[in-house]
Each structure stands twice: as structure tokens, then as C-alpha cells.
Amino acid sequence: MNILLEFFVVTFRVLWAFVLAAAKWLVRPKEKSVAGQVCLITGAGSGLGRLFALEFARRRALLVLWDINTQSNEETAGMVRHIYREMAEEAAAPSPGAGDGEKDVLPHCNLQVYTYTCDVGKRENVYLTAERVRKEVGEVSVLVNNAGVVSGHHLLECPDELIERTMMVNCHAHFWTTKAFLPKMLEMNHGHIVTVASSLGLFSTAGVEDYCASKFGAVGFHESLSHELKAAEKDGIKTTLVCPYLVDTGMFRGCRIRKEIEPFLPPLKPEYCVKQAMRAILTDQPMICTPRLMYMVTFMKSILPFEAVVCMYRFLGADKCMYPFIAQRKQATNNNEAKNGI
């Protein structure tokens, strides 16, 4: 094709992409069904991972829960089983129009949840656990890479081991889980890979260099993987990048921006964050930033001079927003050492 003609075709497709994106804002796309599909969630024992598990359970997915904490993981599994029982009881109750719609997609007696204790920061542990999942459950259709940690130390005060741990769990683990489950998705041309990153994977702040680096790495991995799937023309495999603002899970307890600004940009409720992410996943949305203001912040960071960004950070109180959190973590560490007589 003549390059000039091809240029006009590409221009039209770009403009059409804008039209389709605008249409999705105006008309909410229909959510796809994940009933009966195997959904694996890392870091399922608490926080967003637990809430993702409950949301997928309500949509009748077969859950595979990974977490390093066996007890908390089993607690999540108990909540999932409770949801399954409630749905089974509702299905058993006679009701007008029974037998129609999505409820017949999967018998409720087949809904199960499987738990595995897995340290995603250890490559061999990931591969061995993945092999167990394939043998005991089946092939994974939806992979939610959610597990995450934060060290809570300034760079020069952070032990190298904690820096390595943050990078392994928040970034490298995404490579290993994806390598474990992507081959079958490619063979079937079906699946969905979800990367739970952070707004700190799009722009950064002071005091959390290791966390920001790990989340930037996760975002870069996800975007490159998405392009690779497109290049391979595997349109049946979807990807969704989740980049929330500060979420009120306790992970960054103490983090504060300027008090006059805080009422307009408070920490996100975990339930709201997950519901927004689920809507994006089930409508095959490539990326979701919560709140939408994060799109604007990312755009401005890309076009403004660095000194202008610094001025904005200082005005918002975002330049040192992590310092109270780090101070609290340091105090907690000192208290634990005192209790243990160290």
C-alpha cells in the first residue's frame, strides 16, 4: 500500500479509536461472563486481593487463591464459600422464570475455591505451585497479579534485602506467573491478564524509590506484554492495567497530602476501587485509573517541565506525602525491637 494512503488509513483508525472510547464513556459496555472460568488471584489473603476474590465469586468463577499467609488465605476462601452457598440456596429456591439467563451457565454445585500457600517473590515456588494448579484445578483463564509489598524506608535507610523483596513481589512475580499460565492462553486464544499496579507506577514521589521502581516495572511489563499479544494477533487474550490512587487498606497508613486538598482527594475506599476495576476487567478495558483525575496527572507529568511538576507537588503536599507513613513504620519497627529486647 502506498505510504501516503496508509497514513490516511492510520489517521482514520486513530480518530475512530477516539470515537469508540468516547462512546464507551456515554454507553456502558455489556459485561462479559466469567462463570465457570478458573480465576487465579495472587495476594488474595487481604486487601484488594480478598475483595477481588469476593467479586469474582459473585460472578460464579472458580477461584484459585494464592497468598503467603495461609490463615488469611483460608479466611478469604471461607468468605467465598459463603457466597457460593448463598447463590446455591437462591438457585434452589423456586422463582418465576427460573432456567433462563446466566444462572444456567454453571451448576452451583460445581463452584469451588482452591487455596495455595505461595510466596510469589520466589520463582521456583511460583512455578511449582502453578504446576499443582494445572493438575488439581485446570488451566487458568483469568490471572490477577495483585500481590504487593512496601518496605516503608528511605532509600539510604532501606536494607538491600527489602529492596530486592519489593522488586521480586511487585514486579518480577508478574513475569513468573504470566510465563506459567500464558502458554495455554495462547494455545486457546482465550484469557485475561490483570496487572494491579498503582498510580505510583505512572508518576512518583519521594521516599518510596523501591516501591515506585517496582510499580513502574510492572506497568512497563504489562504494556509490553499487551503489545506482544497484539503483534501475535491473539485478540482473544485481554489485558487490563489497574492503577489506583492511594487505597485505604492500611498499606500506606499515615500518608498525607496537604490538609486543604485532602477533602477533594481522599484515600480510596477499597470496595470502590475493586468495583471500578471489575467493571474495567469485565468490559475488556485496557487500563483503569481511579479516580479519573489520575489520567490528568499522568498527562501533565508527561508534558510539563520537571520544575513545574515539582511546584505542583509542593502545592499539593505530594512531595513529602510519604514521610509521615515512613516515620510511623520506623516507630513501629523500633517498638517491636524494644519489645523483643533487641
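This is a predicted model, so every value here is computed, not measured. (Residues numbered from 1 in each chain as written. Predicted model: local features only at pLDDT ≥ 70, side-chain atom pairs only at ≥ 80, totals over all residues. Heavy atoms only, no water.)

The residue His154 is located in the loop between strand 4 (142–145) and helix 5 (160–188) in this model. Here His154 falls in the partly exposed class, since its relative accessible area comes to 25%. For His154 and Met322, which are 168 residues apart along the polypeptide, the C-alpha to C-alpha distance reads 9.7 Å. With residues up to four places along the chain from it excluded, the contact list for His154 reads Gly207, Tyr323 and Ile326. (Helix = DSSP H or I, 4+ residues; strand = E, 2+ residues; numbered from the N terminus. Buried < 20%, exposed > 50% of the residue type's maximum accessible area, 1.4 Å probe, protein only. Contact = heavy atoms within 4.5 Å.)

Below, the discussion takes up helix 6 (residues 209–231). Relative to the 33 Å expected for 23 residues at 1.5 Å per residue, helix 6 spans 33 Å between its end C-alpha atoms, a close match to the ideal helical length. For helix 6, the complete set of buried residues consists of Asp210, Tyr211, Cys212, Ser214, Lys215, Ala218, Val219, Phe221, His222, Leu225, Ser226 and Leu229. For helix 6, the secondary structure elements touched by its buried residues are helix 5, strand 5 (191–196) and strand 6 (237–244). Count one or two residues on from helix 6 and you reach Glu233, which has phi positive near 60°. (Expected span 1.5 Å × (residues − 1).)

Moving on, we get to the packing of aromatic side chains. According to the stated counting rule, one finds five aromatic pairs in the structure shown. Taking the centre distance of 5.9 Å and the plane angle of 65° together, the rings of Phe7 and Phe8 count as edge-to-face. An identical accessibility class is assigned to Phe7 and Phe8; each is exposed. Taking 4.4 Å as the distance between ring centres and 40° as the angle between the ring planes, the aromatic pair formed by Phe175 and Phe221 counts as tilted. Taken as a pair, Phe175 in helix 5 and Phe221 in helix 6 lie far apart in primary sequence, 46 residues in all. Here Phe175 falls in the partly exposed class, since its relative accessible area comes to 36%. One aromatic cluster is present, built from ring pairs that chain together Tyr211, Phe252 and Phe325. (Phe/Tyr/Trp six-rings, centres within 6.5 Å; stacked < 30°, edge-to-face > 60°.)

With that settled, the discussion passes to the sheet that holds strand 5. Backbone-to-backbone hydrogen bonds join strands into a sheet, with any given pair of strands oriented parallel or antiparallel. Taken together, the seven strands give an open sheet; going across it, the order is 3-2-1-4-5-6-7, and neighbouring strands pair in parallel fashion. Strands with a single pairing partner mark the edges of an open sheet, and in this sheet they are strand 3 (113–117) and strand 7 (287–290). Within the sheet, the average angular offset between the axes of one strand and its neighbour, ignoring direction, is 15°. Looking at chain direction, strand 6 and strand 7 are connected through four bridges and run parallel. Looking at strand 7, one finds that Leu241 is bridged to Met287. Across the face of the sheet, helix 2 (residues 47–58) comes into contact with strand 1 (38–42), strand 2 (62–67), strand 4 and strand 5 while running at roughly 170° to strand 1. (Pairing = 2+ DSSP bridges. Axes fitted to C-alpha atoms, helices over the stretch in contact; angles between N-to-C directions.)

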